[in-house]
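This is what each chain is made of:
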There are 2 protein chains.
Amino acid sequence: MGSPARPRLRRKEARPGELLSAALDTFREKGFAATRMDDIAARAGVSKGTIYLYYPSKEAVFEAMVRANLLPNIERMEAAIADEERSSADRLRLLVTAFGEIAGDARLVAVPKLVLAEAGNFPEMARFYRHEVIGRALSLVSGVLEAGMAHGEFRRLDAALTARLFLAPVIVAALWQTTFVPVEDAPVPPADLLRLHLDLFLRSIAADASGGAP
Amino acid sequence: MGSPARPRLRRKEARPGELLSAALDTFREKGFAATRMDDIAARAGVSKGTIYLYYPSKEAVFEAMVRANLLPNIERMEAAIADEERSSADRLRLLVTAFGEIAGDARLVAVPKLVLAEAGNFPEMARFYRHEVIGRALSLVSGVLEAGMAHGEFRRLDAALTARLFLAPVIVAALWQTTFVPVEDAPVPPADLLRLHLDLFLRSIAADASGGAP
DNA sequence: CCTAAATGACTTACCAGTCAGTCATTCCAG
DNA sequence: CTGGAATGACTGACTGGTAAGTCATTTAGG
């Protein structure tokens, strides 16, 4: 028993990231309230006091964790449609693929789910997430939709509403994944669902009645 | 100061319902962990001890509250398509309307959101909800879809997947409503969103009138 | 050595759950 | 009717356990 799991290390640079990563995994498993600072510390291989060297409170850890996971998501999305050469339909296809990858990554998806669950207790963060992540995703999609409409590729529709309809199945797939898959044995392959979604969606917004796909 | 707010009343019959209603409103505002039994009691105009006359624990209150809000939802849904005379498209239209009403009722929608948020801590309840509410909603929709396909009204598609795509925007609208509307000032009218959804969805699954290409 | 990062025992606050006592209501005896 | 005894719904101070946050001490690393 006497063997100390690890000698105490001093890693001023790496700590904050390690702590937030441990925090994400712990919040993901138990939710905000049921997570103890000792849990996070143990997972990061550190004692509780160490967390307080870097963050002033549990809430601060939570907020920092959410912020740390904003940029990667946004960048993935924006990278997915950087290619301006493609047709609007192709760009939507790429977007669905990119979102599908995010939706399949349980660790990434945990963040919005936590924001959702804690919106009542962290209204400021909810507003922030609403604008910085969801707002950007919506603009991204409606930008592509408007381009397609201007180009005559898609019918004229309310781009803001249509963008929401485009994203809805992705969001539901993501939430489903984190909520029910750990609890039951018959998962629906998100890839199949999203392929069908793209097919139906493109058909429903296509400009001419006689099909759109080349 | 001496004035007692209210004389103590004895209402053995009405209490359980009043307690669950107070519990719903409190859980809705703060989430499960952050609500205190004293909060629920105060909202119900009762002392904390009284709750324990009717429910053995905080978790029991939560579970009872969820169960109490199952049946109304299911019955609303099933009533919405009871009319077997109509076309499948019309029945989908009625379903969207019914779901839209549920989605617009912030109190009702809070329940699935709480289930979602607490699925990790109440796996049994998550499974239960998955089967008794979501499962039933999915069968309802896929039943209508299959009837429409058999009738030649809709294209042949995977009914289970398509049903999920049909429900996704309703679910997202509901979650949006409870999460972001209290936090910002520019709500999207769910009615507009769902009307567009129905339009696009029906178009995407319609059998090709002009003998089009698959 | 010296500094500052890391530790973990300690303090403090909070809250689920308990239970001895209170009082509104009912119901019979006179 | 009436009053007072019995009932049991209701109360709220209290307990025990838990966990956030602190800080005097320890020790890695330069």
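What counts as what
- Residues numbered from 1 in each chain as written.
- Chains lettered and ligands numbered in written order.
- Predicted model: local features only at pLDDT ≥ 70, side-chain atom pairs only at ≥ 80, totals over all residues.
- Heavy atoms only, no water.
- Helix = DSSP H or I, 4+ residues; strand = E, 2+ residues; numbered from the N terminus.
- Buried < 20%, exposed > 50% of the residue type's maximum accessible area, 1.4 Å probe, protein only.
- Contact = heavy atoms within 4.5 Å.
- Areas by Shrake-Rupley, 256 points an atom, 1.4 Å probe, with all protein chains shown as cover.
- Lys, Arg positive; Asp, Glu negative; His and termini not counted.
- Charge placed at Lys NZ, Arg CZ, Asp CG, Glu CD.
- Axes fitted to C-alpha atoms, helices over the stretch in contact; angles between N-to-C directions.
- Parallel < 35°, antiparallel > 145°, perpendicular 65-115°, else oblique.
- Nonpolar A, V, L, I, M, F, W, Y, C, P; charged D, E, K, R; others polar.
- Least-squares fit on C-alpha atoms with pLDDT ≥ 70 in both.
- Domains from an automatic or database assignment.
- Buried area = accessible area lost by both parts, 1.4 Å probe.
- Salt bridge = Lys/Arg side-chain N within 4 Å of Asp/Glu carboxyl O.
- Polar contact = N/O pair within 3.5 Å; in protein donor to acceptor, adjacent residues only side chain to side chain.
- Phe/Tyr/Trp six-rings, centres within 6.5 Å; stacked < 30°, edge-to-face > 60°.
- Lys NZ or Arg CZ within 6 Å of the ring centre and 35° of its normal.
- UniProt positions renumbered as here; feature names shortened; annotations may be inferred.

1. Some remarks on the overall build of chain A
Here is step 1 of the chain: In terms of helices and strands, chain A carries ten helices and zero strands.
Here is step 2 of the chain: Out of the 214 residues belonging to chain A, those deemed buried represent 51%.
Here is step 3 of the chain: Contacts spanning at least 24 positions in sequence make up 69% of the contacts within chain A whose residues lie at least 6 apart.
Here is step 4 of the chain: With an accessible surface of roughly 10700 Å², chain A has 54% of that area assigned to carbon and sulfur atoms.
Here is step 5 of the chain: Computing the positive centroid from 27 side-chain charges and the negative centroid from 27, chain A places the two 7 Å apart.

2. Let's talk about the packing of helix α5 (residues 70-80) of chain B against helix α8 (residues 123-150) of chain B
All names here are of chain B.
Here is step 1 of the chain: The interhelical angle for the contact between α5 and α8, taken along N-to-C directions, is 5 degrees, at an axis separation of 10 Å. Compared by their axis directions, α5 and α8 come out roughly parallel. Side by side, α5 and α8 meet where Leu70, Asn73, Ile74, Met77 and Glu78 of the first sit next to Phe128, Tyr129, Glu132, Val133, Arg136, Ala137 and Leu140 of the second.
Here is step 2 of the chain: Classifying every residue of the contact of α5 with α8 gives eight nonpolar, one polar and three charged.

3. Considerations on the packing of helix α4 (residues 58-68) of chain B against α8 of chain B
Residues and elements named next belong to chain B.
Here is step 1 of the chain: Contact geometry for α4 and α8: axes closest at 12 Å, N-to-C directions at 5 degrees. Between α4 and α8, the crossing angle belongs to the class labelled roughly parallel. Counted together, Phe62, Glu63, Val66 and Arg67 of α4 and Met125, Phe128 and Tyr129 of α8 form the full contact between these two elements.
Here is step 2 of the chain: Within the contact of α4 with α8, the residues separate by chemical class into five nonpolar, no polar and two charged.

4. Some thoughts on the relation of the copies chain B and chain A
Here is step 1 of the chain: Once chain B is rotated about the relating axis by 179 degrees and shifted along it by 0.1 Å, it coincides with chain A to within an RMSD of 0.2 Å. Read as a symmetry element, the transformation amounts to a two-fold axis. Identified as the residue of chain B closest to the rotation axis by C-alpha distance is serine 204 of chain B, at 2.3 Å.
Here is step 2 of the chain: When the interface residues of chain B are mapped onto chain A, 95% of them again fall at the interface, so both copies present the same face.

5. A closer look at the domain arrangement of chain A
All names here are of chain A.
Here is step 1 of the chain: If you check the domain split of chain A, you get domain 1 (12-57) and domain 2 (70-205).
Here is step 2 of the chain: In this structure, domain 1 and domain 2 have C-alpha centres spaced 29 Å apart.
Here is step 3 of the chain: On the side of domain 2, seven residues touch domain 1, which itself brings seven residues to the contact.
Here is step 4 of the chain: On the domain 1 side of the contact with domain 2, Leu24, Arg28 and Phe32 bury the most area, a combined 77% of that side's loss.
Here is step 5 of the chain: With a closest N to O distance of 2.8 Å, arginine 107 and aspartate 25 form a salt bridge.
Here is step 6 of the chain: For the pair domain 1 and domain 2, the number of links is two residue pairs in polar contact (both at pLDDT 80 or more).

6. A closer look at the pattern of salt bridges
Residue and element names in this part refer to chain A.
Here is step 1 of the chain: Scanning all chains against the criterion turns up 25 salt bridges over all chains.
Here is step 2 of the chain: The residue arginine 15 makes a salt bridge to glutamate 18 at a minimum N-O spacing of 3.0 Å. Of this pair, arginine 15 and glutamate 18 both sit in helix α1 (residues 15-34), three residues apart, which is roughly one turn of the helix.
Here is step 3 of the chain: Looking at arginine 15, the relative accessible area reads 8%, which means it is buried.

7. A word on the packing of aromatic side chains
Here is step 1 of the chain: Under the definition given, this model contains 14 aromatic pairs over all chains.
Here is step 2 of the chain: The ring of phenylalanine 128 of chain B carries the charged tip of arginine 67 of chain B above its face, separated from the ring centre by 4.3 Å.
Here is step 3 of the chain: A cation over a ring is seen here: arginine 164 of chain B above tryptophan 176 of chain A, with NZ or CZ 4.5 Å from the ring centre.

8. Examining the interface of chain B and chain A
Here is step 1 of the chain: The interface is formed by 44 residues belonging to chain B together with 43 residues belonging to chain A.
Here is step 2 of the chain: Each partner contributes to the roughly 4000 Å² buried at the junction of chain B and chain A, and carbon and sulfur atoms together form 73% of this total.
Here is step 3 of the chain: Linking chain B to chain A there are three residue pairs in polar contact (both at pLDDT 80 or more).
Here is step 4 of the chain: Listing elements by their share of the side of chain B that touches chain A, those giving two or more residues are α1 (15-30), α7 (106-118), α8, α9 (159-179) and α10 (190-205) of chain B.
Here is step 5 of the chain: With eleven residues, the single largest contributor to the side of chain B that touches chain A is α9 of chain B.
Here is step 6 of the chain: Across the side of chain B that touches chain A, the residue classes break down as 25 nonpolar, six polar and 13 charged.

9. Here's the deal with the UniProt feature "DNA-binding region" (unreviewed entry) in chain A
Here is step 1 of the chain: Here, UniProt's "DNA-binding region" (unreviewed entry) annotation points to residues 36-55 of chain A.
Here is step 2 of the chain: The span residues 36-55 of chain A shows a helical share of 70% and a strand share of 0%, and its end C-alpha atoms are spaced 14 Å apart.

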